[in-house]
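Here is what each chain is made of, one letter per residue.
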Amino acid sequence: MCPELGTDDYHKILASMPHLTRVNLRFTTPMKDPIFDYMIERDMQIKDLHLDGPNLVTDDCWRRVFIKLGHRLQSLKLWNLDSAFDDETAMVMCNNCPNLQRLKLKFLAKIGDNTLKAISTLEHLQHLSLHPMPETKAETESLVQIIAAVGPQLNTLSLEEFELVDDRLLQHIHEHCHALSKLRLTQNATFTDQGLTNLFQGWSNQALIYADLHSLRDVDMSNPTGPPEPVGLASNGFIALMEHSGSKLQHLNIASCRHVSYKAFEEVFAEDKQYPDLKYLDISFSTAVDDYLAQCIFRCCPSLQRLVVFACFKIRDIHIPRGLAVIGTVGATLKVDGITQSETI
């Protein structure tokens, strides 16, 4: 186990690298204001700042950092802050970091809609990743404002656990985002299947390379068939996604999208369909998938390297192509080149 670093240790590290431009540190809870003051005093040329858990750094210090060094920052990634970094600090960040191209904020407990509105002023943003705390109730209008302002130049967009944001966000992504290669929209129970279908149908955006849409579903477990109008990614949305991006997709996660039907899987992975670049596919908790559909997936995805199928209990006896890892089968008979595998996990 590595010893815990103190302020003096961080000073020595920074002093030994006067030309440092990128800082990427995890588990940084011991970091305090003097470390950042040291960076400010020496006018360090930091362009990329990625920190996980610097909870002892105060809001006043963050604001000083952005005011003094913000003009150099091109990439900022912050995770797991619950004691500091509030909306006012975020607005100071946006006002003083005009050259930010990449922004990731995950599990920052004190930010809300005012932070989202401020992010819409970052004119050079190309990569945006936001994952609020579960208790944060973000408004659809705030995210819509971001997409309307910076959507046209975004290459990657990741919005996780915005539980109550509705189809208006999908409409704005369709209208304003035309250069995305990566899209992550997860853990939402408000998007409708029609909204997702409309997002992908006729979308002028290039085919996605990376799509993560897991846990877009109705969460009423007492009604397993879902409401009359499908919630989340269901059959039509899945078909529309694959028609739009299937030719280029390399990574696809639709785990827990429990309203995608057997017929939809059968249509997407029909005999005449090919997804030549798909390497990773997670269909966990897609209870419709059986042995036949698994073999259809193998046939349509010749480059597939990893298939994740947790809770796909109808997969019982499959022949796996060499070079492919199937993860999550329980009690199934697995064969590779005719050789039965003893692994059952």
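Structure report, in brief. (Residues numbered from 1 in each chain as written. Predicted model: local features only at pLDDT ≥ 70, side-chain atom pairs only at ≥ 80, totals over all residues. Heavy atoms only, no water.)

Here we look at the overall build of the chain
And step 1. Looking only at helices and strands, the chain has 11 helices and 15 strands in total.
And step 2. With the C-alpha coordinates of the chain rotated into their principal frame, the extents come out at 65 × 45 × 35 Å.
And step 3. For the chain, the residues scored as buried account for 53% of the 345 residues in total.
And step 4. When contacts within the chain are restricted to residue pairs at least 6 apart in sequence, long-range pairs at least 24 apart make up 76% of them.
And step 5. Element-wise, carbon and sulfur atoms account for 51% of the exposed surface of the chain, whose accessible area totals about 15600 Å².
And step 6. Mean positive and mean negative side-chain charge positions of the chain (32 and 43 charges, respectively) differ by 6 Å. (Helix = DSSP H or I, 4+ residues; strand = E, 2+ residues; numbered from the N terminus. Buried < 20%, exposed > 50% of the residue type's maximum accessible area, 1.4 Å probe, protein only. Contact = heavy atoms within 4.5 Å. Areas by Shrake-Rupley, 256 points an atom, 1.4 Å probe, with all protein chains shown as cover. Lys, Arg positive; Asp, Glu negative; His and termini not counted. Charge placed at Lys NZ, Arg CZ, Asp CG, Glu CD.)

Thoughts on the packing of aromatic side chains
And step 1. In total, this model carries eight aromatic pairs according to the counting rule given.
And step 2. Summarising the aromatic geometry, the rings of Phe36 and Trp62 are spaced 5.2 Å apart at their centres and angled 50 degrees between planes, so their arrangement reads as tilted. Placement of the pair is Phe36 in helix α2 (residues 33–41) and Trp62 in helix α3 (residues 59–69), with a sequence separation of 26 residues.
And step 3. Given a relative accessible area of 1%, Phe36 falls into the buried group.
And step 4. By relative accessible area, which is 0% here, Trp62 ends up buried.
And step 5. With 5.7 Å between their ring centres and 80 degrees between their planes, Phe269 and Tyr275 make a pair best called edge-to-face.
And step 6. Overall, Tyr275 belongs to the buried group, its relative accessible area being 5%. (Phe/Tyr/Trp six-rings, centres within 6.5 Å; stacked < 30°, edge-to-face > 60°.)

What about helix α9 (residues 235–245)?
And step 1. Taking burial as the measure, the 11 residues of α9 include nine buried ones, the bulk of the element.
And step 2. If you check which residues of α9 are buried, you get Ser235, Gly237, Phe238, Ile239, Ala240, Leu241, Met242, His244 and Ser245.
And step 3. Looking at the packing, one finds that the buried side of α9 touches α8 (193–200), β8 (210–212), β9 (251–253) and α10 (262–268).

Things to note about empty space enclosed by the protein
And step 1. Inspection of the entire model under this criterion finds four cavities of 30 Å³ or more.
And step 2. Of the volumes computed, that of the largest cavity is approximately 110 Å³.
And step 3. As for the largest cavity, its lining consists of 14 residues, of which Ile111, Leu116, Pro132, Thr136 and Phe162 are closest to the centre.
And step 4. When residues of the lining of the largest cavity are traced back to their parent elements, those giving at least two are β4 (102–108), α5 (113–119) and β5 (127–131).
And step 5. Ranked by the residues each element gives to the lining of the largest cavity, the list is headed by β4, at four residues.
And step 6. Roughly 60 Å³ of volume is contained in the second largest cavity.
And step 7. Across the lining of the second largest cavity, the residue classes tally to four nonpolar, one polar and three charged. (1 Å grid on protein atoms, 1.4 Å probe; cavity = no way out; pocket = protein on both sides within 12 Å on 5 of 7 lines; lining within 4 Å. Points joined across faces, edges and corners; volume = space filled by probe spheres on them. Nonpolar A, V, L, I, M, F, W, Y, C, P; charged D, E, K, R; others polar.)

Let's talk about the sheet that holds strand β1 (residues 22–25)
And step 1. An order of β1-β2-β3-β4-β5-β6-β7-β8-β9-β10-β11-β13 is seen for the 12 strands of this open sheet, with the pairing classed as parallel. Every interior strand has two partners, whereas the edge strands, β1 and β13 (325–327), have only one. Across the sheet, the axes of successive neighbouring strands diverge by a mean angle of 5 degrees, strand direction being ignored.
And step 2. As paired elements, strand β7 (residues 182–186) and β8 share three bridges and run parallel to each other. Bridging across to β8, Lys182 finds its partner in Tyr210. (Pairing = 2+ DSSP bridges. Axes fitted to C-alpha atoms, helices over the stretch in contact; angles between N-to-C directions.)

Points about the layout of surface pockets
And step 1. In this model, the largest pocket occupies a volume close to 180 Å³.
And step 2. As for the largest pocket, its lining consists of 14 residues, and the residues nearest its centre are Arg102, Lys104, Ser129, Thr156 and Lys182.
And step 3. Mapped by element, the contributors of at least two residues to the lining of the largest pocket are β4, β5, β6 (156–160) and β7.
And step 4. Split by residue class, the lining of the largest pocket holds three nonpolar, four polar and seven charged.

Overview of the pairing of strand β2 (residues 48–52)
And step 1. The buried count for β2 comes to four of five residues, which makes it a mostly enclosed element.
And step 2. Bridging between β1 and β2 involves four bridges; their strand directions are parallel. Across the sheet, Arg22 pairs through a bridge with Asp48, a residue of β2.
And step 3. The sheet contact formed by β2 and strand β3 (residues 75–81) spans five bridges and is parallel. Residue His50 lies in a different strand from β3, and its bridge partner there is Lys77.

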